[in-house]
Amino acid sequence: MTVLARSSSVALGRLPRPGTVLAGGFVALVVLAAVAPGLLTSDTPTQIDLTNALAPPSWEHPFGTDEAGRDLLTRVIHGTGLSLGIGLGATGVSMALAIVLGAAAALAGGVVDTLITRLLEVTFAFPSLLAALLIVAVFGPSVTTSIVAVGVGSMPGYARMVRGQVLAVKESGYIEAAHALGHRPWRVFRQHLLPNAMRPLVAVVTLGVGQSIVWASSLAFLGLGVPPPSPEWGALLDAGRGYITTSWWLAIMPGLVIVLFAVAVTSLGRTLQQRLEGAAR
Amino acid sequence: MSTAAPAPAARLRRIAGKLLSAVLVLLVAASITFFVQLLLPGDRATVILNIRNGRDQQWPAEEIAAINHQFGFDRPLIVQYLDYLAGLLRGDLGTSYTEFRPVTAVIGAQLLPTVVLTVGALVVAWLIAVTVTLLTVRRGRILGGIGAAFEAFTASLPHYWVGMLLLVAFAVQIPIFPVIGGDTPAGTVLPVLTLAVPLSGFLGQVLREEFHKVLDQPFITTARTRGMSDAAVRLRHALRHAVLPGITLSGWALGALVSGSVIAESIYGRPGIGQVLVTAVNNRDVPTVAGIVLVVAAVYIVANVLVDLAYTLVDPRLRIS
């Protein structure tokens, strides 16, 4: 009986939980919307219908319509590509910076390590949004600035993790073996050290994409990101907030999509993290 | 008592070390904000003249020279840098590109409403987190699950979404609070909640984990066998231990609170440094933006040193090491 119970619970453990399935489904839907928006909606995001302006959510227009009668759900679907692109781009920028700084600190050690570690400590004192705003002030708002600003703003946390991972991996036997076999340092770094150091960070990067989209949309919400009339999610927030007291759906619905995406990505990242930790044990 | 004797000297040395490193961190932070200002694309005097006149054009050499002289751009970089640092010591954050006034004057009176907002939000977030945790942790699967789900959900909500939801719900649909509240007490409630709700989720997650650990400790069992009621055990013993990591997190949360207050002030049209900041970024008034960012970084650094020192005082184990 106990054996049976145990084996069934093991089998259950391998099945993904309903929450994970739901989260995975939503993320898949978002990716589909980014790659092929035409599959999810036959309408165009610029279809103007003034007789139907500012209509509240209904079966015909699940997210309602905007001041020009454009269907909001269609616009959200068509804005997905740019939003996801900004999120991925920003995460890419911060990971690239983090790998350079974190790996340099861990591999060089000594004064370099102390300097980089202290510098990262200082950057923690700059809240992500404020650091991003400073960068926007210097370079002016644009898609590129949003990507760089959000990427730089969220870099310190990643850099610290990369440093810790590289430190942990560089003493491993297989790294020593690779050196002993006479491989060049750069090859050891690229083929052995970096992949092994980064593997546990896959989950963190997943979480990061969700966070990056939230930060980038915050910039746009303040009117300092991608400007309207782009259907990018943040730009929709910026355009919709002017109508918040009369037509709430214009800002709340795109916000809801961002929230759901962030929650879904976070939950997937957590599951991934548990799997990876389980596999490591 | 004999172990307490060498403690004060060690503690003083520890405190002095902390303060010294905080000063170094401040110096580096100030250097970052100085050098970031140099990244402004193009000639700075031209940029300032363009911003001021709302045009993009070439300006006569004498006008450029006048601006360069006024802002000191004609001096060697190292002199500008040292002058900036010396200015900071006197409480001078530089001159605004758009308002011709010192940055401190631009920030000036706007600081207080933001402090009220962030401190209020921190207090309310703690109240929500402690209440939810006390009521739901170890109260069966369903109640505990609801509590944990509430925390995980609220923790991942962006400030702008909470702010707009509260605005639509409690200022438009059920008009209890004003839509644009200024810094009146009634107008402060919704902005405070906007910041407090996501933060309470973060704090709650930490509190819950600590509660789970603490409630398994032997001293809890001892207290229970003495006949102490469950409520008293939670309040008097468990809460005390669970709160410590939350305090560290609060120091860290200051950054998130300031980021959030930029959003909340923008939604509710509330005066504060967030509003000044957004206006300054729009006008590309880099010295004002850099000044505000530096002030916030300084507050963050000082707050974290204080949290660190408070720990040293609260936790006897840290006095020696």
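Model, not experiment: these values are computed from the prediction. (Residues numbered from 1 in each chain as written. Chains lettered and ligands numbered in written order. Predicted model: local features only at pLDDT ≥ 70, side-chain atom pairs only at ≥ 80, totals over all residues. Heavy atoms only, no water.)

### Description of the overall build of chain A
This is how it is decided: The numbering of helices and of strands both runs from the N terminus, where a helix is a DSSP run of H or I of at least 4 residues and a strand a run of E of at least 2. Exposure is judged per residue with a 1.4 Å probe applied to protein chains only, and the accessible area is read against the type maximum: over 50% gives exposed, under 20% gives buried, and values in between give partly exposed. By definition in these notes, contact holds between two residues if any of their heavy atoms fall within 4.5 Å. We get accessible surface area from the Shrake-Rupley algorithm with a probe of 1.4 Å; when it comes to residues, only the shown protein chains can shield them.
Helices and strands together make up the secondary structure of chain A, namely 12 helices and zero strands. From first element to last, N terminus to C terminus, chain A shows the α and β order α-α-α-α-α-α-α-α-α-α-α-α. Structurally, chain A occupies a C-alpha span of about 75 × 65 × 30 Å along its principal axes. Sorting the 281 residues of chain A into buried and exposed places 46% on the buried side. Put simply, of all contacts in chain A between residues at least 6 apart along the chain, 68% involve residues at least 24 apart. Accessible surface, chain A as shown: approximately 13,400 Å² in total, 67% of it carbon and sulfur.

### Observations concerning the domain arrangement of chain B
All names here are of chain B. To be explicit about the condition: What marks off one domain from the next here is an automatic or database domain assignment. Note on definitions: buried area is the accessible-area loss of two parts on being combined, 1.4 Å probe, summed for both. Whenever Lys or Arg places a side-chain nitrogen within 4 Å of a carboxyl oxygen from Asp or Glu, that contact is recorded as a salt bridge.
Assigned domains within chain B: domain 1 (7-89) and domain 2 (105-320). Here the C-alpha centroids of domain 1 and domain 2 sit 32 Å apart. Of the residues lining the interface, 18 residues belong to domain 1; the matching set on domain 2 comes to 16 residues. Between domain 1 and domain 2, the buried area comes to about 1,600 Å², and carbon and sulfur atoms account for 75% of it. Broken down residue by residue, the surface that domain 1 buries against domain 2 is led by Arg11, Arg14 and Gln37, which jointly contribute 30%. Counting the contacts that link domain 1 with domain 2 gives zero salt bridges.

### Some thoughts on the environment of Tyr268(B)
All names here are of chain B. For clarity, the threshold we go by: Definition of a polar contact: a pair of N or O atoms within 3.5 Å, with one able to donate and the other able to accept a hydrogen when the atoms are protein atoms, and with sequence-neighbouring residues admitted only if both atoms are side-chain atoms.
Relative to the elements of secondary structure, Tyr268 occurs in helix H11 (residues 230-268). According to the relative accessible area criterion, Tyr268 is buried, its value standing at 1%. Taking C-alpha positions, Tyr268 is 33 Å from Thr136, a pair spaced 132 residues apart along the chain. In this structure, Tyr268 is in contact with Gly163, Leu166, Leu167, Val179, Ile180, Gly181, Gly182, Leu190, Pro191 and Thr194, ignoring residues within four places of it in sequence. Among the polar contacts made by the side chain of Tyr268, one reaches the main-chain carbonyl oxygen of Gly163 at a distance of 2.8 Å.

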